[in-house]
Amino acid sequence: MLQPPSLQHLVPDSHPLPNGNTLYSFVNPNIELVKLDITLEAGSVYQQKKSLAHAANQLFGEATARHTASEIAEFLDFRGIVVERLSDVCVSNISFYFHRKYAAELFPVIREMFDNPVITPEMFEAYKSHRRQQIEMGFQQTNFTARNLFYECLYGFDHPLGTYAKSSDLDLLTIDDVSSFIKERFILPAAHLVLSGQVDDGLLRLADDFLSPSSPLQTYAPVVLSNPEHHGPYQPAHYSLPEAVQSTIRIGRVLPMSWDSPDYARFMLLNTVLGGYFGSRLMSNIREDKGYTYGIYSTTQIFRGSIVFYITADVASEATRPAVKEIFAEIERLQAEPVTDEEMDRVRNYMMGDFIRSIDGVFEVSERYRQMVATYVTEQQATNLLDAIANVTPSQLQDLACRYLTDLLVVTAGA
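Everything numeric in this text was worked out from a predicted model, so none of it was measured.

Structural notes on the nonpolar core
One finds Ile-311, Ile-327, Leu-397 and Leu-405 to be the most contacted residues of the largest nonpolar core, which totals 61 residues. Excluding residues that lie within four positions of it along the chain, Ile-311 makes contacts with Ile-249, Arg-250, Ile-251, Leu-274, Leu-282, Ile-296, Tyr-297, Ser-298, Ile-327 and Ile-331.

Structural notes on the sheet that holds strand 10 (residues 246–255)
Within the open sheet, the five strands sit side by side as 9-13-10-12-11. Their pairing is mixed. Looking along the sheet, the strands with just one partner apiece sit at the ends: strand 9 (237–240) and strand 11 (296–303). For this sheet, the mean angle separating the axes of adjacent strands, direction not counted, is 20°. Strand contacts of helix 10 (residues 320–336): strand 10, strand 11, strand 12 (306–316) and strand 13 (409–414), with the helix running at about 30° to strand 10, the strand carrying the most contacts.

Notes on the pattern of salt bridges
With the rule as written, the count across this model stands at 23 salt bridges. Note that Glu-105 and Arg-79 form a salt bridge whose closest N and O atoms lie 2.9 Å from each other. On the criterion of sequence distance, the pair formed by Glu-105 in helix 3 (residues 103–115) and Arg-79 in the loop between helix 2 (69–78) and strand 5 (82–87) is long-range, its members being 26 residues apart. A relative accessible area of 34% places Glu-105 in the partly exposed class. For Arg-79, a relative accessible area of 19% gives the class buried. A salt bridge links Asp-171 to Arg-132, with the shortest nitrogen-to-oxygen separation between them at 3.1 Å. Taken together, the residues Asp-171 in the loop between helix 5 (142–155) and helix 6 (175–185) and Arg-132 in helix 4 (residues 121–138) connect sequence positions 39 residues apart. A residue is classified by how much of its surface remains accessible, and Asp-171, at 52% relative accessible area, is exposed. Looking at Arg-132, the relative accessible area reads 24%, which means it is partly exposed.

Here we look at the pairing of strand 3 (residues 33–40)
Counted residue by residue, strand 3 has seven buried out of eight residues, so it is predominantly covered. Bridging between strand 3 and strand 6 (residues 92–99) involves eight bridges; their strand directions are antiparallel. If you follow Leu-40 over to strand 6, its bridge partner there is Ser-92. Pairing of strand 3 with strand 8 (residues 192–197) involves six bridges; the strand directions are antiparallel. Of the residues in strand 8, the one forming a bridge with Ile-38 is Leu-193.

Quick word on the layout of surface pockets
Looking at the second largest pocket, its volume works out to about 340 Å³. Lining the second largest pocket we find 18 residues, and of these Glu-41, Ala-190, Ala-191, His-192 and Thr-219 sit closest to its centre. Elements that contribute at least two residues to the lining of the second largest pocket include exactly strand 2 (22–27) and strand 3. By residue class, the composition of the lining of the second largest pocket is ten nonpolar, six polar and two charged.

Reading the values: rules and limits
- Residues numbered from 1 in each chain as written.
- Predicted model: local features only at pLDDT ≥ 70, side-chain atom pairs only at ≥ 80, totals over all residues.
- Heavy atoms only, no water.
- Core = buried A, V, L, I, M, F, W, Y, C linked by side-chain atoms within 4.5 Å.
- Buried < 20%, exposed > 50% of the residue type's maximum accessible area, 1.4 Å probe, protein only.
- Contact = heavy atoms within 4.5 Å.
- Pairing = 2+ DSSP bridges.
- Helix = DSSP H or I, 4+ residues; strand = E, 2+ residues; numbered from the N terminus.
- Axes fitted to C-alpha atoms, helices over the stretch in contact; angles between N-to-C directions.
- Salt bridge = Lys/Arg side-chain N within 4 Å of Asp/Glu carboxyl O.
- 1 Å grid on protein atoms, 1.4 Å probe; cavity = no way out; pocket = protein on both sides within 12 Å on 5 of 7 lines; lining within 4 Å.
- Points joined across faces, edges and corners; volume = space filled by probe spheres on them.
- Nonpolar A, V, L, I, M, F, W, Y, C, P; charged D, E, K, R; others polar.

Printed below as a string of structure tokens:
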């Protein structure tokens, strides 16, 4: 098996800012690029209307009191600066990728975005039109509808993880709603700031000047999501799309464990055996042997306060029931028979190699850290995972399969 890596470089350097906030950094002096991650407690859990957090994320910084949207777009494009936006359940994230030499020009613009954001009626209407098209097209796709139905059935539509936007929700959204949300939540002194790449003393001085406003550090009481009450068993759910030529299958459950539990780390190995890589049992059976799908996988998703396990695949409509039957056959085999030593060794090597690849590069490490900030996970999870890869036994995986691969929700979408 590959040797486990040191986790020391996964811990960021910290730089105190003049206003009391902290700037975190991952340094690689050998590349000329820099990434700035700005993470805010501004996810959908804080919104009063559907799509509000998403609208704020997409419209923030597009224009300011001094610069129009076209001027800012030209400024970024001319310098090759890439902006990525992500609106999650709990957080809103904006990332800037730029050449180190443009930092002195970019940082004042970012400060201006926070100090004097502007949303024009034209920007707002363009956003609503594009968002409406996204949602309406999504509801015509089996994977989109299966995902929404899956989380609604698990958590309930009133839970932050079980709800989703419909195009009609956009009719209730106003430009004042979005502006007020930005004013309340998109606050630089409350942001979690991470620089990665060619971070040097000059860049940190620029950060002191422009990323540390004179207003003092602000903090919010963050929301921690709760697991839903469940009194099983789940009833299968289907979303009908009569004209679809394929169906999407989603099978899974909320896991009754926390991310720092040793059981969760061991479950990640069980998941890999089942459907977590190309050589998994689900791929071998459903794809290679039966030919029901081009791809099937299983995974776990960590939210802040909750973890979901699910299996998903797109199959021909007539193969939906046979595929579901075979999925449960593979689960039952894991519950009845210990994994062989040969398969264990193969999975151990794959998972160690996959983990090493996931931290091979300063931007990969910073992205991992960004996700940890959003979910409140620490490096204890990585420590647990490496321990599980080295030490988990086939009998432990069999026990986990018997305890946790039960009472599964089956959701399908399609004809």
